[in-house]
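If you want the building blocks of each chain, they are given just below.
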Amino acid sequence: MKNEIDQIQLQKLDITRHYKHKSDQVSWLKSERKLLRSEVKSLKDTMNEKGRSRDTEKVTERRSQRQLERERDDQKMKMHLLGFFKA
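Residues numbered from 1 in each chain as written. Predicted model: local features only at pLDDT ≥ 70, side-chain atom pairs only at ≥ 80, totals over all residues. Heavy atoms only, no water.

**Topic: the overall build of the protein chain**
Our working definition: Starting at the N terminus, helices and strands are each numbered in turn, a helix being any DSSP run of H or I of at least four residues and a strand any DSSP run of E of at least two. Radius of gyration here is computed from C-alpha atoms only, and the compact-globule reference equals 2.2 Å multiplied by the residue count raised to the power 0.38. Each residue's exposure class comes from its accessible area (1.4 Å probe, protein chains only) as a fraction of the maximum for that residue type: buried when under 20%, exposed when over 50%, partly exposed otherwise. Charge assignment in this entry is limited to Lys and Arg as positive and Asp and Glu as negative, and neither His nor the chain termini are counted. For charged residues, the charge sits on one atom: NZ in Lys, CZ in Arg, CG in Asp, CD in Glu.
Of the regular secondary structure elements, the protein chain holds one helix and zero strands. Radius of gyration (C-alpha) of the protein chain: 37 Å, far over the 12 Å computed for a compact globule of 87 residues. Its C-alpha atoms give the protein chain principal-axis dimensions of roughly 130 × 5 × 5 Å. Looking at the protein chain as a whole, 1% of its 87 residues are labelled buried. Across the protein chain, the 23 positively charged side chains and the 15 negatively charged ones have centroids separated by 3 Å.

**Overview of the pattern of salt bridges**
Using the following cut-off: For salt bridges, the criterion is a side-chain nitrogen of Lys or Arg within 4 Å of an Asp or Glu carboxyl oxygen.
Enumeration over the complete set of coordinates arrives at five salt bridges. Here K20 makes a salt bridge to D24, at a shortest N to O gap of 2.9 Å. Of this pair, K20 and D24 both sit in helix α1 (residues 2–86), separated by four residues, roughly a single helical turn. The shortest N-O distance in the salt bridge between R52 and E49 comes to 3.0 Å. You can see R52 and its partner E49 sitting in helix α1, three residues apart, about one turn around the helix. Look at R52 and you get partly exposed, because its relative accessible area is 47%.

**Here we look at a positive patch on the surface**
Quick reminder of the rule: Residues with no salt bridge and a relative accessible area higher than 30% make up the patches, which join like charges within 9 Å and nonpolar side chains (Val, Leu, Ile, Met, Phe, Trp, Tyr) within 5 Å. Using the Shrake-Rupley algorithm and a 1.4 Å probe, accessible areas are obtained, with residue cover drawn only from the displayed protein chains.
A surface patch of positive charge is lined by K50, R54, K58, R62, R63, R66 and R70. Looking at the element boundaries, K58 is found in helix α1.

Here is the structure:
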């Protein structure tokens, strides 16, 4: 009878250890998943910020180009008017 009780207690201990090990694995996996999600979010945020910066640079470049075109057109108009008045 005592032998059977000892065996049952050993089985219970083995089951408890197995459960604890599985529980530790699940906790570790959850922690890893959380860390990976955080890293992915950080990467996405960085990519989005770079995209916004690139878009801002393009807009600024287009504005500068339009401003230069306006200045060039103004110079052409002035030159044309000066030529018109000299004639």
